[in-house]
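Per-entry structural report
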Amino acid sequence: MGLMPVESALQTILNGVVLLGEEEVAIDQALGRALAKTVVAARTLPPWDNSAMDGYAVRSADATGPGVRLKIVARIFAGDRPNRPIGPGECARIMTGAPLPPGADAVLMQERTRADGEWVELLEAVAAKSTVRFAGEDTRQGEPLLPAGTPIGIPEAGLLWSQGLTRVTVHRRPRVAIASTGDELCPIGEEPGDRIFDTNSPSIAAAVRRAGAEPTLLGLAPDRLEEVKALFARGLGFDVLITSAGASVGERDFAKDALEAIGVQMEFWKVAIKPGKPLAVGHRGTTRVFGLPGNPTSSLVSFELFVRPALRAMQGLPAAQLPLGGRLATGLKKSAGLRHFVRATVELKEGELWATPLSTQSSGALTSAATATHLISAPPEVTALAAGDRITLIPVSWVG
Ligand code: AMP
Ligand code: MG
């Protein structure tokens, strides 16, 4: 298999995504998830015409211009139920959110009036309907409120709470198994001796959680085919299996062989990117499998570009981060052939995002990802970018 361009790799991954089933959850548990069913409005809001400001409820026919004086016959607060009608030459003091009294059809904000005991003088004319929030302006009982597929953010949750709803139906979270391989690895918390700590397992688990999915750590296997197979096989009951390391062409890189040996059908192997070239993607039954590279930065970049979009799409959420346009603050050089994802920090200057590449870009070093907030996507054919060049920036989800 040749190197896959990043766009086709992502497209292949997304084409194979199966939307997960539904579950009903409390609204605060639905935040960051997508509605699986359209929600219909349970209430008409606002329930009655009400004032949008603190001021005076008037009959617009009376309020013809500056100098008009009206008698204040009521004071209406939010929570009141006014029933005394406003007659000709009359008005009511009214607060924001208070129901409009019968007879009144507009409100004049307090700042455009002069109060004088029981009377108020208008400083301007008031058009019918002005400064009034009409019944049903926001939502109407029985009408669709939020369509299936809507991601629930805080305003959407607020809208649901404003309807008196407490539970909604969303797509369930993907269950994700994570398996790391490598003779050199030591579980965190154990005495490492000559080994290095298994950084990828907990880092990938954290990234999985941030993508709205539920991680399960399967642990570690040494670089022996049979043990790698046995570890990976335990991930086949999950929605997704993510393996870390051994995905390249080294003599003890068994990830791809082990996956194939346990029945995983490969969709592609190796993408034309740096970091993250040795990515293996496949499936067995309903389990989607991602074989990530071992270098911690490579595995994070691959996760960001390919696994996170898949996990989000499985939940009915928009898959990829919206890329941004920016400018390069300092020039960079690269080899031709691969698309580079350069870890960078970004600042806004004179209305534009200026990206500065981190000084280290070694995929073997986590310092080449730490503090980065964006990836500069540098096209395969390009070998140099100059300061000031226009670039595409991808925000990363791993930021602190
Ligand atoms: P590999 O893909 O197995 O060739 O690993 C590439 C590099 O990543 C090697 O330097 C490994 O030691 C390192 N590496 C692999 N897995 C992990 C891990 N779980 N945590 C930290 N480093 C790792
Ligand atoms: Mg290895």
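This text gives an overview of the structure that appears in the document. (Residues numbered from 1 in each chain as written. Chains lettered and ligands numbered in written order. Predicted model: local features only at pLDDT ≥ 70, side-chain atom pairs only at ≥ 80, totals over all residues. Heavy atoms only, no water.)

Overview of the packing of aromatic side chains
Counting across every chain of the model gives zero aromatic pairs. Across the ring face of tyrosine 56, the terminal group of arginine 93 is positioned such that the distance to the ring centre comes to 5.3 Å. Taking NZ or CZ as reference, lysine 270 lies 4.5 Å from the ring centre of tryptophan 269, over its face. (Phe/Tyr/Trp six-rings, centres within 6.5 Å; stacked < 30°, edge-to-face > 60°. Lys NZ or Arg CZ within 6 Å of the ring centre and 35° of its normal.)

Some thoughts on unusual backbone geometry
With omega at -15°, the peptide bond leading from leucine 45 into proline 46 counts as cis. With respect to the helices and strands, proline 46 occurs in the loop between β2 (39-40) and β3 (50-51). Backbone torsion omega between lysine 274 and proline 275 reads -5°, so that peptide bond is classified as cis. Summarising the element assignment, proline 275 is placed in the loop between β19 (273-274) and β20 (280-284). Phi is positive for alanine 245, which is not a glycine, with a value near 80°. As for its position among the elements, alanine 245 is in the loop between β17 (240-244) and α6 (255-261). Note on alanine 245: relative accessible area 12%, which makes it buried. (Helix = DSSP H or I, 4+ residues; strand = E, 2+ residues; numbered from the N terminus. Buried < 20%, exposed > 50% of the residue type's maximum accessible area, 1.4 Å probe, protein only.)

Considering the sheet that holds strand β8 (residues 113-116)
What the six strands build is an open sheet, ordered β7-β4-β6-β5-β9-β8; its pairing is mixed. Of all the strands in the sheet, just β7 (106-109) and β8 have a single pairing partner and so form its edges. The average angle at which neighbouring strand axes cross in this sheet is 35°, direction not considered. Looking at chain direction, strand β4 (residues 55-58) and strand β6 (residues 90-94) are connected through four bridges and run antiparallel. Within β6, the position partnered with tyrosine 56 by the bridge is arginine 93. (Pairing = 2+ DSSP bridges. Axes fitted to C-alpha atoms, helices over the stretch in contact; angles between N-to-C directions.)

Side note on the sheet that holds β20
Ordered by their spatial adjacency, six strands build an open sheet running β16-β13-β17-β21-β20-β18, and the pairing between neighbours is mixed. A strand with exactly one partner marks an edge of an open sheet, and here the two such strands are β16 (214-221) and β18 (265-269). Neighbour-to-neighbour, the strand axes of the sheet open up by a mean angle of 20°, direction not taken into account. As paired elements, β17 and strand β21 (residues 287-292) share five bridges and run parallel to each other. Looking at the pairing, leucine 241 lines up with valine 289 of β21. Its contacts with the sheet put helix α7 (residues 296-314) on β13 (175-181), β17 and β21, and the angle it makes with β21 is roughly 170°. (Contact = heavy atoms within 4.5 Å.)

A look at the nonpolar core
By size, the foremost hydrophobic cluster in this structure holds 39 residues, and its most contacted members are Val208, Ile242, Phe303, Phe306 and Leu311. Breaking this core down by element, the ones donating at least two residues are α1 (6-15), β13, α4 (200-210), β17, β21 and α7. Counting residues per element, this core draws most heavily on α7, at nine residues. Shared between two domains, this core holds at least three residues of each, these being domain 1 (6-20 + 173-314) and domain 4 (324-395). Those residues in contact with phenylalanine 306 that sit more than four places away from it in its chain are Val6, Ala9, Leu10, Ile13, Val271, Ile273, Leu279 and Phe290. Counting 20 residues, the second largest nonpolar core, distinct from the first, contains Ala179, Leu218, Leu231 and Phe232. (Core = buried A, V, L, I, M, F, W, Y, C linked by side-chain atoms within 4.5 Å. Domains from an automatic or database assignment.)

Digging into the site of ligand 1
In the vicinity of ligand 1, 15 residues are found, and the nearest of them are Glu184, Asp198, Thr199, Gly246 and Gly294. In this structure, aspartate 198 approaches ligand 1 through a side-chain N or O atom, which is 2.7 Å from a nitrogen atom. Interatomic distance of 3.3 Å between a backbone N/O atom of asparagine 200 and a nitrogen atom of ligand 1. Across the complex, the protein chains shield 76% of the 480 Å² of accessible surface that ligand 1 would expose by itself. Of the residues in the shell around ligand 1, the class split is five nonpolar, seven polar and three charged. (Near = heavy atom within 4 Å. Polar contact = N/O pair within 3.5 Å; in protein donor to acceptor, adjacent residues only side chain to side chain. Areas by Shrake-Rupley, 256 points an atom, 1.4 Å probe, with all protein chains shown as cover. Nonpolar A, V, L, I, M, F, W, Y, C, P; charged D, E, K, R; others polar.)

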